[in-house]
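Summary of the model geometry
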Amino acid sequence: MQGKNQKIITFKVKYLTNYQYSVVGFFMQKNRERIESLEEMTAKEYLNQVKNLESKMKILKEEIDTLREMVVSTGAIQQGERVLSSGTQDKMAETICKINEKECEWNDLMREFALARANVIINIQKLNNPEYEQILYKRYCQSKKWEEIALEMNYTYQWVCKLHGRALLELDKVLNN
């Protein structure tokens, strides 16, 4: 089990720049259990990790925006007052610290997302069928709907779904090698 994971990691590191190499190191440290469970993932779960990370990033960004709005609205109220209590200032400072923590968390998540997306693209490109590659890329990396993919490829919705199933089977083979 560990040998296969080492192959995957070696492949990732082999084609990356120094900056990307450090990101890979960061990713490996924070997500060792996740890397070890890659073998247990289905192809669909593997591909959906990009969408899941993107969703987490969106939620975190909304939290950051909400906290920023709180700081701005608190600041506007304070400017009209003549005497500021230290309690209000402490709350503002705490909120600013929370914003900073959330931004660091978002940056870490962004690095993880970029690396996961790059890894997914690399594995999609290992398929020997350009139709499969297109369908998986459009669906999981570009988050397109089935109808959009069918229109772009001049296929019916049903045919795209059938090809998608076949592509997942092929990707399962690639991931398990």
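Here we take up the pattern of salt bridges. Oppositely charged side chains can pair when the atoms bearing their charge come close. Evaluation of the coordinates by the stated rule reveals six salt bridges. As a salt-bridge pair, glutamate 103 and arginine 68 come within 2.0 Å of each other at their nearest N and O atoms. Linking glutamate 103 in helix α5 (residues 86-124) with arginine 68 in helix α4 (residues 43-80), this pair joins segments that are 35 residues apart in sequence. What makes glutamate 103 partly exposed here is its relative accessible area of 24%.

Backbone geometry at serine 143 places phi at a positive 55°, although glycine is not the residue there. Within the secondary structure, serine 143 sits in the loop between α6 (130-141) and α7 (146-153). Residue classification places serine 143 among the partly exposed residues on the basis of a relative accessible area of 39%.

Right, let's talk about α6 for a bit. Count 3.6 residues to each turn of an α-helix, and residues three or four apart come out pointing the same way. Along its twelve residues, α6 runs 15 Å from first to last C-alpha, staying within 8% of the 16 Å computed at 1.5 Å per residue. For α6, the set of buried residues is Tyr132, Ile135, Leu136, Lys138, Arg139, Tyr140 and Cys141. At the N-terminal end of α6, a side-chain oxygen is found 2.9 Å from the backbone nitrogen of glutamate 131, two or three residues along, and the residue is asparagine 129.

This brings us to the nonpolar core. Within the largest apolar cluster, 30 residues are counted, with the highest numbers of intra-cluster contacts made by Leu47, Val120, Ile135, Leu136 and Leu171. Of all the secondary-structure elements, those providing two or more residues to this core are α4, α5, α6, α7 and α8 (157-176). Looking at this core element by element, the count peaks at seven residues for α4. Apart from the residues within four sequence positions on either side, isoleucine 135 is in contact with Trp146, Ile149, Met153, Val160, Leu163 and His164. By size, the runner-up hydrophobic cluster in this structure holds five residues, among which are Ile64, Leu67, Val71 and Ile99.

In a regular helix each residue adds 1.5 Å, so 20 residues correspond to 28 Å; α8 covers 29 Å between its end C-alpha atoms and thus fits that length. All of the buried residues along α8 are Val160, Leu163, His164, Ala167, Leu168, Leu171 and Val174. The arc that holds the buried residues of α8, viewed along the axis, is 155°, so those residues lie on one side. In α8, the exposed positions angled more than 90 degrees off the buried face are occupied by Gln158, Leu169 and Lys173.

What follows covers the packing of α6 against α8. Viewed as axis vectors pointing N to C, α6 and α8 meet at an angle of 100°, and their least axial separation amounts to 9 Å. Taken as axis vectors, α6 and α8 run roughly perpendicular relative to one another. From α6, Glu131, Tyr132, Ile135, Leu136 and Tyr140 reach across to α8, where they touch Val160, Leu163, His164, Arg166, Ala167, Leu168, Glu170 and Leu171. The residue makeup of the contact of α6 with α8, split by class, is nine nonpolar, one polar and three charged.

All right, on to the packing of α7 against α8 then. The contact between α7 and α8 brings their axes to 9 Å, and the two run at 100°. Here α7 is positioned roughly perpendicular relative to α8, judged by the angle of their axes. Residues Trp146, Glu147, Ile149 and Ala150 of α7 lie in contact with α8, whose contacting residues are Tyr157, Val160 and His164. Of the residues contributing to the contact of α7 with α8, the split by class is five nonpolar, one polar and one charged.

Now for the confidence of the model for the protein chain. Confidence in the prediction for the protein chain averages 79 pLDDT; 69% of positions are at 70 or higher. Predicted confidence is poor over residues 1-16, with pLDDT under 50, and the contacts of this stretch with residues over four places away or in other chains come to 18 contacts.

Let us look at the packing of aromatic side chains. Counted according to the given criterion, the structure contains zero aromatic pairs. Here lysine 61 stacks its cationic end above the ring of tryptophan 106, 5.1 Å away from the centre of that ring.

Criteria and cut-off values
- Counting from 1, residues in each chain are numbered in the order their sequence is written.
- Totals for whole chains, interfaces and linings use all residues, but because this is a predicted model, local features are given only for residues with pLDDT of at least 70 and pairs of side-chain atoms are given and counted only at 80 or more.
- The basis for every side-chain value is the complete set of non-hydrogen atoms in the structure, without hydrogens or water.
- Here, a salt bridge means any side-chain nitrogen of Lys or Arg that lies within 4 Å of a carboxyl oxygen of Asp or Glu.
- Helix numbers and strand numbers start at the N terminus; a helix is a DSSP run of H or I with at least 4 residues, a strand a run of E with at least 2.
- Summary of the burial criterion: residues with accessible area below 20% of their type's maximum are buried, those above 50% are exposed, and those between are partly exposed, where the area comes from a 1.4 Å probe applied to protein chains only.
- What a helix is expected to span follows from its residue count: subtract one and scale by 1.5 Å.
- By the criterion applied in these results, polar contacts are pairs of N or O atoms within 3.5 Å in which, for protein atoms, one can donate a hydrogen and the other can accept it, and in which residues neighboring in sequence qualify only through two side-chain atoms.
- Residues grouped as a nonpolar core are buried Ala, Val, Leu, Ile, Met, Phe, Trp, Tyr and Cys residues, joined through side-chain atoms within 4.5 Å.
- The criterion used for residue contact is that any of the two residues' heavy atoms lie within 4.5 Å.
- This arc corresponds to the set of directions leading from the helix axis out to the C-beta atoms.
- Inter-axis angles, ranging from 0 to 180 degrees, are taken between N-to-C directions of lines fitted to C-alpha atoms, where helices are fitted over the stretch in contact.
- Each angle is binned into one of four classes, with values under 35 degrees roughly parallel, values over 145 roughly antiparallel, values of 65 to 115 roughly perpendicular, and all other values oblique.
- Side-chain classes follow a simple rule in which Ala, Val, Leu, Ile, Met, Phe, Trp, Tyr, Cys and Pro form the nonpolar group, Asp, Glu, Lys and Arg form the charged group, and the remainder, Gly included, forms the polar group.
- The predictor rates its confidence in each residue with pLDDT, a number between 0 and 100.
- Only Phe, Tyr and Trp rings take part, Trp by its six-membered ring, and two of them pair if their centres are within 6.5 Å. Stacked means planes under 30 degrees apart, edge-to-face means over 60, and tilted covers everything else.
- In this scheme, Lys NZ or Arg CZ marks a charge over a ring once it lies within 6 Å of the ring centre and within 35 degrees of the ring normal.

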